[in-house]
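Structural description and commentary
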Amino acid sequence: MVRSRIIGTGSYLPKRVLTNFDLERMVETSDEWIRERTGIRERRIAAEEEATSDLALMASREALRAAGLKPKDIDLILVATVTSDMLLPSTACILQHKLGAKDTPAFDLNAACSGFIYGLSVADAFIRSGTYERILLVGAETLSRATDWQDRTTCVLLGDGAGAVVLEKTKAKRGVLSVDIYADGSMWDLLHIPAGGSRMPATKETVKNRLHFIKMRGNETFRVAVRTLEKLVVDTLKKNRVKPEELSLLIPHQANHRIIAATAKRLGLGLDRVMLTLDRHGNTSAASIPIALDEAVRTGRIKKDDYILLEAFGGGLTWGSALIRW
Ligand code: ACO
């Protein structure tokens, strides 16, 4: 049986750190509120000259280096993002050019915070079908560019960063065991950017009314996320006949420590078996899982044969999970 396996990971975080104390000087908030309600202490902000493809490039180079491959060895480049460099062309094409991977097919995928899991599902399907053997999958965001820095209900949550993985075809029993993705578009307006698309093209009015920034009904999103993720992780393990106690590490999308804690609790997992980067990076949307995965690999938290569970929930609404045997 053919499946896909991750053979290299990489990540990149911009240098500039924005702390909760910095935010206290920008909006009416407090370090205490942000830490208690979200678990976030600080986040990274891209430099003025850095766009999403620049972050993606750094993470991709690291992942390729870890895999021992050159850009020309890759059959497909996928970028999951909601903050593409431009509306046209895709960030994946810009990344392809920067990598010097001429002629390699490349496209973007938008599933908000679930983008990496969606991308994994696409990459895994391409590999299992025999279409491609090696795929570069990147989750990259410069959310700071879509953030309303006057809106305390969103600006304290978000951060910039990129994570990348290289997937390769394998006949071994290890690798990506399952990927499941879901969506419910009826709740699209819980989390969206109203202007800048075909529904509401950019005008002076839309700019004045701050409609090019992320709007979120956080509390409603929170409640749906907890309910959905608790069921999702249980179903994923059951489907794979893996018991929670066999799980080595949960790598969740990093949106809110209360959501993560509820999901872990549902599986009976202690937080020592959960990868947490939220405190240092905030919510980096599609980038959060590959960044956390890369950190887990580089700090020796993942060993051969470990069961790793990934899960995410985000705008769309979208959600998904993946079980990996490392
Ligand atoms: N500082 C101080 N007070 C604040 C802040 C802030 N930064 N933000 C909101 N408040 C206030 C509110 O105004 C409200 O005040 P009120 O009671 O006087 O009206 C109070 O705090 C409580 O607000 P809630 O929104 O109910 O707070 P909640 O506990 O729900 O926490 C949060 C908000 C952190 C946004 C949480 O709801 C959350 O994490 N939601 C889910 C986010 C998520 O998972 N999104 C999906 C992924 S993101 C993506 O796809 C890009």
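Because the structure is predicted, anything quoted here is derived from the model rather than measured.

**Quick notes on the overall build of the protein chain**
Secondary structure assignment for the protein chain yields eleven helices and 13 strands. Against the 2.2 N^0.38 benchmark of 20 Å for 326 residues, the protein chain shows a C-alpha radius of gyration of 19 Å, consistent with a compact globule. Expressed as lengths along the three principal axes of its C-alpha atoms, the size of the protein chain is roughly 55 × 45 × 35 Å. At a minimum sequence separation of 6, the contacts of the protein chain that also span at least 24 residues come to 77%. For the protein chain, the exposed surface amounts to about 14700 Å²; the carbon and sulfur share of it is 51%.

**So, the site of the ligand**
Within the structure, the ligand sits among 26 residues, and Thr29, Arg37, Cys113, Asn219 and Asn256 are positioned closest to it. Contacts to the ligand include Asn219, whose side-chain N or O atom sits 2.9 Å from an oxygen atom. In isolation the ligand exposes 1000 Å². Once the protein is present, 74% of that is buried. At the level of secondary structure, the elements contributing two or more residues to the shell around the ligand comprise helix H2 (31–38), helix H6 (152–155), helix H8 (218–239), helix H9 (257–267) and strand S12 (307–314). With four residues, the top contributor of residues to the shell around the ligand is H8. Tallied by class, the residues present in the shell around the ligand amount to eleven nonpolar, eleven polar and four charged. Here the shell around the ligand spans two domains, since at least three of its residues come from each of domain 1 (3–172) and domain 2 (177–325).

**Overview of the nonpolar core**
In terms of nonpolar packing, the biggest core is built from 33 residues, with Leu120, Leu167, Ile251, Ile302, Ile308 and Leu310 touching the most fellow members. The element contributing the most residues to this core is helix H5 (residues 115–128), with six residues. Those residues within four positions of Ile308 in sequence are excluded, and the remaining contacts are Leu247, Leu249, Ile251, Ile302, Ala322, Leu323, Ile324 and Trp326. Residues Ile74, Leu95, Ala101 and Ala164 belong to the second largest nonpolar core, which totals 25 residues.

**Details of the sheet that holds strand S13 (residues 318–325)**
Pairing between the strands of a sheet is mediated by backbone hydrogen bonds and can be parallel or antiparallel. Pairing is mixed across the open sheet formed by four strands, whose spatial order is S8-S13-S12-S11. Edge positions in the sheet fall to strand S8 (175–183) and strand S11 (247–252), since each has one partner strand and no second. Across the sheet, the mean angle from the axis of one strand to that of its neighbour is 10°, orientation sign disregarded. Alignment of S12 against S13, held across eight bridges, turns out to be antiparallel. Bridge pairing links Phe313 to Trp319 in S13. On top of the sheet, H5 reaches S8, S12 and S13; it is set at about 125° to S8, its chief contact. Sitting on the sheet, helix H11 (residues 288–298) touches S11 and S12, and the angle it makes with S11 is about 140°.

**Topic: H5**
When the terminal C-alpha atoms of H5 are compared, their 20 Å separation across 14 residues agrees well with the 20 Å that a helix rising 1.5 Å per residue should span. For H5, a buried count of ten out of 14 residues is recorded, marking the element as mostly surrounded by other parts of the structure. Backbone geometry just downstream of H5 places Gly130 in the positive-phi region, at approximately 90°.

**Concerning unusual backbone geometry**
Here Leu88 and Pro89 are connected by a cis peptide whose omega angle stands at 0°. Here Pro89 lies in the loop between strand S4 (76–80) and helix H4 (91–99). Positive phi is not limited to glycine here, since Asp103 has a value of about 80°. One can find Asp103 in the loop between H4 and strand S5 (106–109). A positive phi angle, near 50°, is found at Ser285, a position not held by glycine. Note on placement: Ser285 falls in the loop between helix H10 (278–281) and H11.

**Concerning the domain arrangement of the protein chain**
Each assigned domain of the protein chain is listed with its residue range as follows: domain 1 (3–172) and domain 2 (177–325). Here the C-alpha centroids of domain 1 and domain 2 sit 14 Å apart. Taken together, the contact pairs 54 residues of domain 1 with 47 residues of domain 2. If you sort the residues of domain 1 by the area they bury against domain 2, Cys113, Ile117 and Tyr118 come out on top, with a joint share of 18%. Applying the counting rule to domain 1 against domain 2 returns two salt bridges. A salt bridge links Asp148 to Arg210; the nearest nitrogen and oxygen atoms lie 2.9 Å apart. Here domain 1 and domain 2 share 23 residue pairs in polar contact (both at pLDDT 80 or more) between them. Mapped onto the side of domain 1 that touches domain 2, the elements with two or more residues apiece are strand S1 (3–12), H2, strand S3 (42–45), helix H3 (52–67), H5, strand S6 (134–142) and strand S7 (160–170). Ranked by residue count, the leading element in the side of domain 1 that touches domain 2 is H5, at seven residues. Broken down by class, the residue content of the side of domain 1 that touches domain 2 amounts to 23 nonpolar, 16 polar and 15 charged.

Here is what the cut-offs are and how they apply
- Residues numbered from 1 in each chain as written.
- Predicted model: local features only at pLDDT ≥ 70, side-chain atom pairs only at ≥ 80, totals over all residues.
- Heavy atoms only, no water.
- Helix = DSSP H or I, 4+ residues; strand = E, 2+ residues; numbered from the N terminus.
- Rg over C-alpha atoms; globule rule 2.2 N^0.38 Å.
- Contact = heavy atoms within 4.5 Å.
- Areas by Shrake-Rupley, 256 points an atom, 1.4 Å probe, with all protein chains shown as cover.
- Near = heavy atom within 4 Å.
- Polar contact = N/O pair within 3.5 Å; in protein donor to acceptor, adjacent residues only side chain to side chain.
- Nonpolar A, V, L, I, M, F, W, Y, C, P; charged D, E, K, R; others polar.
- Domains from an automatic or database assignment.
- Core = buried A, V, L, I, M, F, W, Y, C linked by side-chain atoms within 4.5 Å.
- Buried < 20%, exposed > 50% of the residue type's maximum accessible area, 1.4 Å probe, protein only.
- Pairing = 2+ DSSP bridges.
- Axes fitted to C-alpha atoms, helices over the stretch in contact; angles between N-to-C directions.
- Expected span 1.5 Å × (residues − 1).
- Buried area = accessible area lost by both parts, 1.4 Å probe.
- Salt bridge = Lys/Arg side-chain N within 4 Å of Asp/Glu carboxyl O.

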